[in-house]
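For reference, the chains in residue letters:
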Amino acid sequence: ADNLLSAMEARAEVAPDIELTPTNWVEQFGEDGMVDTPIGKVKMGENQIAKLFTKGRSSQFGMIRPTLTNPDVIVEVPSSTDSANDVERPTSLLFIKAFLKNDGSKVYYFKSVTVKKDGLEVSVSSHLDRKKRVEDALRKGKLQYRFDGGAQTEHRPANVSVTTPLAGQG
């Protein structure tokens, strides 16, 4: 987990600063609220734009799409969602990406949480998270995807635990 966090921080990019408006929302997520991710389509939950405004997270809006389309990791964890009876599996997916403050002085971890609902992966929350919580998710959750970061910077589903060395490395 420590090595993965270090790699995430090393390739962190400056967080996009996009004003949260209905027009910009549609530009980011389309009329249908769907976005392509490394593991398939994710639909933006119906209340997501309202939650960003009401919870004072509008300045975080620019981080949502890159976190979903180009996450550092996707980790599966037990669900803690309030609407547990509406979902099709007892787990959530955490799309996590590291970002830099505009001046490069600080690393932020941004997380988008999805649940399986009506046959779709639905984003139910997007917010900054503490490094410790990201580390805990990496240690306790099931790694579903990680950015490879190889010479080709290709994406591939993770098929190993973050604590298990890859074949030939160890």
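Residues numbered from 1 in each chain as written. Predicted model: local features only at pLDDT ≥ 70, side-chain atom pairs only at ≥ 80, totals over all residues. Heavy atoms only, no water.

So, unusual backbone geometry
Then, in step 1: With a phi close to 55°, D118 is a non-glycine residue in the positive phi region.
Then, in step 2: Looking at the secondary structure, you find D118 in the loop between β6 (107-117) and β7 (120-129).
Then, in step 3: The class of D118 is exposed, set by a relative accessible area of 68%. (Helix = DSSP H or I, 4+ residues; strand = E, 2+ residues; numbered from the N terminus. Buried < 20%, exposed > 50% of the residue type's maximum accessible area, 1.4 Å probe, protein only.)

Examining the packing of helix α1 (residues 2-10) against helix α5 (residues 131-140)
For any two helices packed against each other, one specifies the inter-axial angle together with the distance between the axes.
Then, in step 1: The N-to-C vectors of α1 and α5 enclose an angle of 130°; their axes lie 10 Å apart at closest approach. Taken together, the axes of α1 and α5 lie oblique to each other. Every pair of crossing elements has a handedness; the one defined by α1 and α5 is right-handed. Facing D2, L4, L5 and E9 of α1, the residues of α5 in contact are K131, V134, E135, L138 and R139.
Then, in step 2: Grouping the amino acids of the contact of α1 with α5 by side-chain chemistry returns four nonpolar, no polar and five charged. (Axes fitted to C-alpha atoms, helices over the stretch in contact; angles between N-to-C directions. Parallel < 35°, antiparallel > 145°, perpendicular 65-115°, else oblique. Left-handed = near helix turned anticlockwise from the far one by under 90°. Contact = heavy atoms within 4.5 Å. Nonpolar A, V, L, I, M, F, W, Y, C, P; charged D, E, K, R; others polar.)

Thoughts on the pattern of salt bridges
Then, in step 1: Enumeration over the complete set of coordinates arrives at ten salt bridges.
Then, in step 2: Across the pair R139 and D2 runs a salt bridge, and its minimum N-O distance is 3.2 Å. Of this pair, R139 sits in helix α5 while D2 sits in helix α1, placing them 137 residues apart in sequence.
Then, in step 3: Between R89 and E121 there is a salt bridge; the shortest N-O distance is 2.6 Å. (Salt bridge = Lys/Arg side-chain N within 4 Å of Asp/Glu carboxyl O.)

Thoughts on the packing of aromatic side chains
Then, in step 1: The final tally for this structure, using the stated rule, is three aromatic pairs.
Then, in step 2: Summarising the aromatic geometry, the rings of W25 and F61 are spaced 5.7 Å apart at their centres and angled 20° between planes, so their arrangement reads as stacked. Of this pair, W25 sits in helix α2 (residues 22-29) while F61 is found in the loop between α3 (48-54) and α4 (64-69), placing the two residues 36 residues apart along the sequence.
Then, in step 3: Using a relative accessible area of 11% as the deciding quantity, one classes W25 as buried.
Then, in step 4: Relative to F61, the ring of F29 lies with its centre 6.3 Å away and its plane at 70°, an arrangement referred to as edge-to-face. (Phe/Tyr/Trp six-rings, centres within 6.5 Å; stacked < 30°, edge-to-face > 60°.)

Overview of the environment of E19
Then, in step 1: Residue position: E19 is located in the loop between β1 (13-14) and α2.
Then, in step 2: Judged by relative accessible area, which is 61%, E19 ranks as exposed.

Focus on the confidence of the model for the protein chain
Then, in step 1: Within the protein chain, residue pLDDT values average 86, and 84% of them lie at 70 or more.
Then, in step 2: The least confident element of the protein chain is strand β9 (residues 155-157), whose mean pLDDT is 44; the most confident is α4, at 98.
Then, in step 3: Low pLDDT (under 50) marks residues 151-170, which in the prediction has 26 contacts with non-local residues, meaning those over four places away or in another chain. (pLDDT = per-residue confidence, 0-100.)

Focus: α5
Then, in step 1: Within α5, the full set of buried residues consists of V134, E135, A137 and L138. Viewed along the axis of α5, the buried residues span an arc of 160°, placing them on a single side of the element.
Then, in step 2: Against the buried residues of α5 lie α1, β4 (73-78), β5 (91-100), β6, β7 and β8 (142-147). (Arc of directions from axis to C-beta.)

A closer look at the nonpolar core
Then, in step 1: Core analysis: the largest hydrophobic core is formed by 19 residues, its most contacted members being W25, F29, F61, I64 and L68.
Then, in step 2: If you list the elements that add at least two residues to this core, you get α2, β3 (40-44), α4, β5 and β8.
Then, in step 3: Per-element tally for this core: the top contributor is β5, with three residues.
Then, in step 4: Those residues in contact with F29 that lie beyond four places of it in its chain are M34, V35, M44, F61, I64 and R65. (Core = buried A, V, L, I, M, F, W, Y, C linked by side-chain atoms within 4.5 Å.)

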